[in-house]
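Observations on the three-dimensional arrangement
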Amino acid sequence: MELRELLLNLKIIMFGGKGGVGKTCCATSSAIWAAEQGRNTLIISTDPAHSLGDSLGIELAPGIPTPIENIDNLTALEINPKANMAEFRGLTGMNPLEEMGMGDIMEGMPLLGDLEDLASINPPGIDEALAFGKILEFIETEHDYDLVIFDTAPTGHTLRFLGLPETLSGWIGKLIKMRMKLGNMFGALKRMFTREEKKSDDSLEMLERLNQSILNAREDLTNPTKNSFVVVMIPEEMAILETGRLLNELIKYDIPVSNIVVNQLYQDTTGLCDFCKSRREMQQRNLTKIKEIFREKLLKNLIEVPLFKEEIREYDKLKEMGEYLVKESY
Ligand SMILES: Nc1ncnc2c1ncn2[C@@H]1O[C@H](COP(=O)(O)OP(=O)(O)OP(=O)(O)O)[C@@H](O)[C@H]1O
Ligand SMILES: [Mg+2]
């Protein structure tokens, strides 16, 4: 499917690729186009070094979906992984003694040491995992958005991110077991000391819900009628190599890919200085290579975007870029 069709029909579109190639510009331009076609669109930056607000020329408060003034149907969000750390602590429930007001009673008992160890178990990449949890909310829970566009971080980070459902699911499974054991143990102790009735354990339920939504999100992300990953690149050897690795990983994770954007192309040679001419030649050689390597293999749609004279940011320029992205091919 061409990008314009994806933007009109899918629920999720992710833009990714090597650092600095134009992912944010492409994601934002596409989001503006989709919003102006009447689709209620949310654009989310999952890059810890956010630049979504800068691209749109507005200030985005971290973690708060902000409707964009003057563009109907468009909301932007920069997720803030750090803010979710507190939620994570609550979820693991690793402080049951404190919760029960029994810290003093248990002081000096050998168990306490074990608990502290448990409390310090953070799975690798927990900040990303938490950001992912936030994203699940937008994929899995009911909301009014027709389309959620992801402006992702450079390749390595995004791939770790896409691998998270598996990692996280396994890890949450372990945590659930641990919670159950701890819950039983401390429930019994607490009843012994306080004679309180057995209470239900909310955090355990939350973990189970989280696990389920991870599995559901995984299904959505791998379903080509719901999600597609758009690879953004520039016509340079290093970008070709990195894109190759990215595509292989996306295949491994079963993430549907249908479009490649080749960005920042020098236009025809007339009027170009020697420097620009030789850059254009280099780009054209690499463009040919890109078409040979990728197009046949799995990409039906290759979108060429010229190098603009100016920086691409704020409405007018983003809209101009959007026109290239959604151009119908004949
Ligand atoms: N076709 C283009 N013509 C001119 N400038 C461009 C073009 N595409 C992108 N740029 C410029 O390149 C810079 C990087 O673009 P952008 O922020 O979209 O890249 P990115 O891939 O999101 O970067 P990062 O990996 O840091 O997130 C920006 O200053 C943008 O204005
Ligand atoms: Mg970016």
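Residues numbered from 1 in each chain as written. Chains lettered and ligands numbered in written order. Predicted model: local features only at pLDDT ≥ 70, side-chain atom pairs only at ≥ 80, totals over all residues. Heavy atoms only, no water.

Before going further, it helps to spend a moment on the confidence of the model for the chain. For the chain, the mean per-residue pLDDT works out to 80, and 73% of the residues sit at or above 70. The lowest-confidence element of the chain is helix H6 (residues 103-106), averaging 44 in pLDDT; the highest-confidence one is helix H2 (residues 23-36), averaging 98. Contacts of residues 94-116 to residues separated by more than four positions or lying in other chains number 26 contacts, the stretch itself having pLDDT below 50. (pLDDT = per-residue confidence, 0-100. Helix = DSSP H or I, 4+ residues; strand = E, 2+ residues; numbered from the N terminus. Contact = heavy atoms within 4.5 Å.)

With that settled, the discussion passes to helix H14 (residues 314-325). Three or four residues apart is the spacing at which side chains of an α-helix point the same way, because the helix has 3.6 residues per turn. Along its 12 residues, H14 runs 16 Å from first to last C-alpha, staying within 8% of the 16 Å computed at 1.5 Å per residue. Those residues of H14 not exposed but buried are Leu318, Met321, Gly322 and Leu325. Taken down its axis, H14 places every buried residue within 110° of arc, on the same side. Taken together, the buried residues of H14 touch helix H1 (3-9), H2, helix H3 (52-56), strand S7 (257-265) and strand S8 (301-306). (Expected span 1.5 Å × (residues − 1). Buried < 20%, exposed > 50% of the residue type's maximum accessible area, 1.4 Å probe, protein only. Arc of directions from axis to C-beta.)

Before going further, it helps to examine the sheet that holds strand S5 (residues 147-151). Across the sheet, 8 strands lie side by side as S3-S4-S2-S5-S1-S6-S7-S8; this open sheet has mixed pairing. Each edge of the open sheet carries a strand with a single partner, namely strand S3 (66-67) and S8. With 6 bridges connecting them, strand S1 (residues 12-17) and strand S6 (residues 227-233) associate as parallel partners. Each bridged residue has a counterpart across the sheet, and for Phe15 the counterpart in S6 is Val230. Each of S1, S6 and S7 touches helix H12 (residues 237-252); the most contacted strand, S6, lies at about 165° to it. Across the sheet, H14 is in contact with S7 and S8; its angle to S8 comes to roughly 145°. (Pairing = 2+ DSSP bridges. Axes fitted to C-alpha atoms, helices over the stretch in contact; angles between N-to-C directions.)

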